[in-house]
Amino acid sequence: MTEIHTPRLLLRRWSPDDLTALAEIQADPVVMQHIGDGAPRSLAESAEDIERWEEEWDDEGFGLFAVELLGSGELAGAVGLYVPDAPPRIADHIGIQWRLARQFWGQGYASEAAQATLEFALQDRGIDRVVAATAPGDTSSAQVLDKLGMSFTGEDAGLRLYAIDLTEYEG
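If you're wondering where the values come from, they're calculated on a predicted model, not measured in any experiment.

> Which residues make up the packing of aromatic side chains, and what values go with them?
Under the counting rule described, the total for this entry stands at 6 aromatic pairs. Seen from their ring centres, Trp 57 and Phe 120 are 5.8 Å apart, and the 55° between their planes marks the pair as tilted. Of this pair, Trp 57 sits in helix 3 (residues 43-60) while Phe 120 sits in helix 4 (residues 109-124), and the two are 63 residues apart along the sequence. Neither residue differs from the other here; Trp 57 and Phe 120 are each classed as buried. Taken together, a centroid distance of 5.4 Å and an interplanar angle of 75° make the contact between Phe 65 and Phe 120 edge-to-face. Here Phe 120 lies in helix 4 and Phe 65 lies in strand 3 (residues 64-69), a separation of 55 residues in the sequence. Look at Phe 120 and you get buried, because its relative accessible area is 3%.

Structure representation (structure tokens):
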């Protein structure tokens, strides 16, 4: 079982007990506005997400972690690695993404979890490059990508693209 501890978070694989909390997070239209098609996700869709993420862990050796607050054990959201199928310039590369419940925004949790994920990518999985895509109006995610040292590489399909060479990553 893959787990990462940060000062305030536990990044871990998914359990059936996470479904209700994830579904609540993904039902929030503000949380989901810049993810996928921007639509909130149902309980059934959230169950499919967890199943897909767990399959990615089994197939790829990486996936999205459940992000748990160490102090309370509360599920704050998801962060991790995936293989995007679009837009074309980053398709089939390894990407990083996250989604956190709104009450956890602005507290540095996304940056803390994403930084731990990049370190996992480099140190545990030997991945040398990670990409990301954000919607043009998603300034919060762009700030996190900046903190991670990811560089803007252009636009494709209406998304802003970023990348980092992990061989130069300093955490």
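Having seen the model, we can carry on.
> Account for the pattern of salt bridges, naming residues and giving values.
The final tally for this structure, using the stated rule, is 9 salt bridges. In this structure, Glu 54 engages Arg 13 in a salt bridge whose closest nitrogen and oxygen atoms are separated by 2.7 Å. Of this pair, Glu 54 sits in helix 3 while Arg 13 sits in the loop between strand 2 (9-12) and helix 1 (19-26), placing them 41 residues apart in sequence. By the burial criterion, Glu 54 is buried, and Arg 13 matches it. Of the charged contacts in the structure, one is a salt bridge between Asp 28 and Arg 102, with a shortest N-O distance of 2.9 Å. Of the two residues, Asp 28 is situated in the loop between helix 1 and helix 2 (29-32) and Arg 102 in the loop between strand 5 (95-100) and helix 4; the sequence distance between them amounts to 74 residues. Residues participating in the shared-partner salt-bridge network are Arg 12, Asp 18 and Glu 68.

Conventions and cut-offs
- Residues numbered from 1 in each chain as written.
- Predicted model: local features only at pLDDT ≥ 70, side-chain atom pairs only at ≥ 80, totals over all residues.
- Heavy atoms only, no water.
- Phe/Tyr/Trp six-rings, centres within 6.5 Å; stacked < 30°, edge-to-face > 60°.
- Helix = DSSP H or I, 4+ residues; strand = E, 2+ residues; numbered from the N terminus.
- Buried < 20%, exposed > 50% of the residue type's maximum accessible area, 1.4 Å probe, protein only.
- Salt bridge = Lys/Arg side-chain N within 4 Å of Asp/Glu carboxyl O.

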